[in-house]
Amino acid sequence: QVQLVESGGGLVHPGGSLRLSCTASGSISGILPMGWYRAAPGNSRERALVAVITSTGFTNIVPSVVGRFSISRGNDNNTVHMQMNNLEVGDTGIYFCWALKGAEYWGQGTRVTVSS
């Protein structure tokens, strides 16, 4: 079993920045890709990929956030961070950390609200 705990969400104005972090614990050896998905508030079951990073550092970031968001992995390979710059109102949502190790694992989600 893998447990994922997110941190770093909050309320920011448009144009602001946030950094999300996710730490994996439990049976963490051999975790493959990690990443972030977003769901609209009140609809957490429908999650859309935002960014993913493999254990070797290959990244895939959706076009809507390219140039504004970046994803990185900690040296221990069991943490993943997402730097979100120039945030827009449309970035508002619940951000879920995701990891793949045989099965998919999800964090509880952290809320990001972008509002003026």
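Let me begin by describing the structure that accompanies this report. Worth saying up front: this structure is predicted, and the values here are computed from it rather than measured.

Let's shift gears to the nonpolar core. A general feature of soluble globular proteins is that nonpolar side chains tend to end up buried together. In this structure, L4, M34, W36, M82, M84 and Y95 are the most contacted members of the largest nonpolar core, which totals 26 residues. Looking at this core, the elements with two or more residues in it are β1 (2-7), β3 (18-26), β4 (34-39), β5 (47-53), β7 (69-73), β8 (79-84), β9 (93-101) and β11 (110-114). For this core, the element with the highest residue contribution is β3, accounting for four residues.

Moving on to the state of the cysteines. Inspection of every chain in the model, using the stated rule, returns one disulfide. Disulfide pairing places C22 opposite C97 at an S-S distance of 2.0 Å. Disulfide C22 to C97: torsion about the S-S bond roughly -85°, handedness left-handed. One end of the pair, C22, is in strand β3; the other, C97, is in strand β9, with 75 residues separating them in the sequence. By relative accessible area, C22 is classed as buried at 0%. With a relative accessible area of 0%, C97 lands in the buried category.

Before going further, it helps to spend a moment on the pattern of salt bridges. Summed over the entire model, instances satisfying the criterion amount to three salt bridges. Linking D91 and R38 is a salt bridge whose minimum nitrogen-to-oxygen distance equals 3.7 Å. Residue D91 is found in the loop between β8 and β9, and its partner R38 is found in strand β4; the two are separated by 53 residues along the sequence. The network of salt bridges with shared partners includes R38, R68, E88 and D91.

Conventions we followed
Residues numbered from 1 in each chain as written. Predicted model: local features only at pLDDT ≥ 70, side-chain atom pairs only at ≥ 80, totals over all residues. Heavy atoms only, no water. Core = buried A, V, L, I, M, F, W, Y, C linked by side-chain atoms within 4.5 Å. Buried < 20%, exposed > 50% of the residue type's maximum accessible area, 1.4 Å probe, protein only. Helix = DSSP H or I, 4+ residues; strand = E, 2+ residues; numbered from the N terminus. Disulfide = S-S within 2.5 Å. Salt bridge = Lys/Arg side-chain N within 4 Å of Asp/Glu carboxyl O.

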